Amino acid sequence: MCPTCPSGLAYCRHLSTVRTHLSALVNHNIVPPDRPCEASGGLSKEVWSKYQKDCKNYKELELLRLVYYGGVQHEIRKEVWPFLLGHYKFAMSKKDMSQIDAKITERYQQVMREWKACEVIVKQREKEMQSAIFAKLSSGSSIDSHVLRLAHRDSTLSNEVKRLSAI
């Protein structure tokens, strides 16, 4: 038993592991919160508006520092998060953002088309399998190799999916 933890040594080890992983999240490149100004207020609507009007008003690191120490004001989160997640780069023009959005939309639609093609194949195979099983059971005979072949064919679906996505 861990002398400081009544629940035992495992709990202390768990806390140590959590502490280690959380410490990796700390960005040591960001300047302290009190330089050059107080950052505990976070990224405000006013600061974000100034930045958007003229990107020279604030540097990216300063915006990240404000977010890191104080968060993002609720009203602007929807606008700011795409930048924080790397979807957009800071100082990017509206035209560039629109192009990125169009590219991502096209890629999403392509992936959806591929998945819908897969879904059609899977549904067709399920229908064939159910029909074969129902036919065998209603005829009174046991499930034979034909049904087992249908089941095996399902396991080869990934090859057919790869072939379809190459088209």
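The coordinates are above.
Residues numbered from 1 in each chain as written. Predicted model: local features only at pLDDT ≥ 70, side-chain atom pairs only at ≥ 80, totals over all residues. Heavy atoms only, no water.

Digging into the pattern of salt bridges
Taken as a whole and judged by the stated rule, the model has three salt bridges. In this structure, Glu106 and Arg113 form a salt bridge, with 3.4 Å as the shortest nitrogen-oxygen distance. Classification of Arg113 by relative accessible area gives partly exposed; the value is 48%. Two residues, Glu119 and Lys123, come together in a salt bridge whose shortest N-O distance is 3.7 Å. With a gap of four residues between them, Glu119 and Lys123 both fall in helix α5 (residues 94-139), about one helical turn apart. You can call Glu119 partly exposed: its relative accessible area is 40%. For Lys123, a relative accessible area of 52% puts it in the exposed group. (Salt bridge = Lys/Arg side-chain N within 4 Å of Asp/Glu carboxyl O. Buried < 20%, exposed > 50% of the residue type's maximum accessible area, 1.4 Å probe, protein only. Helix = DSSP H or I, 4+ residues; strand = E, 2+ residues; numbered from the N terminus.)

Considerations on unusual backbone geometry
A positive phi angle, close to 70°, is found at Ala91, a residue other than glycine. Of note, Ala91 is situated in the loop between α4 (77-84) and α5. For Ala91, a relative accessible area of 52% puts it in the exposed group.

As for the environment of Asp54
You can see Asp54 is positioned in the loop between α2 (45-53) and α3 (60-70). Asp54 sits 37 residues away from Ala91 along the chain, and the two C-alpha atoms are 8.7 Å apart.

A few points about the nonpolar core
Of all hydrophobic cores here, the largest spans 17 residues; its most connected members are Leu43, Trp48 and Leu63. Taken together, the elements giving at least two residues each to this core come down to α2, α3 and α4. (Core = buried A, V, L, I, M, F, W, Y, C linked by side-chain atoms within 4.5 Å.)

With respect to the packing of aromatic side chains
Evaluation of the coordinates by the stated rule reveals six aromatic pairs. With a centroid separation of 6.0 Å and 75° between ring planes, the pair formed by Tyr51 and Phe90 is classed as edge-to-face. With Tyr51 in helix α2 and Phe90 in the loop between α4 and α5, this residue pair connects regions lying 39 residues apart in the sequence. For the pair Tyr51 and Phe90, a shared accessibility class is recorded, and that class is buried. Between the aromatic rings of Phe83 and Phe90, the centroid separation amounts to 5.5 Å while the plane-to-plane angle is 35°, which identifies the pairing as tilted. The exposure class of Phe90 is buried, given its relative accessible area of 12%. Grouped by ring-pair contacts, the aromatic residues Trp48, Tyr51, Phe83, Tyr88 and Phe90 constitute a single cluster. (Phe/Tyr/Trp six-rings, centres within 6.5 Å; stacked < 30°, edge-to-face > 60°.)

Any functional reading would require information beyond the geometric quantities listed.
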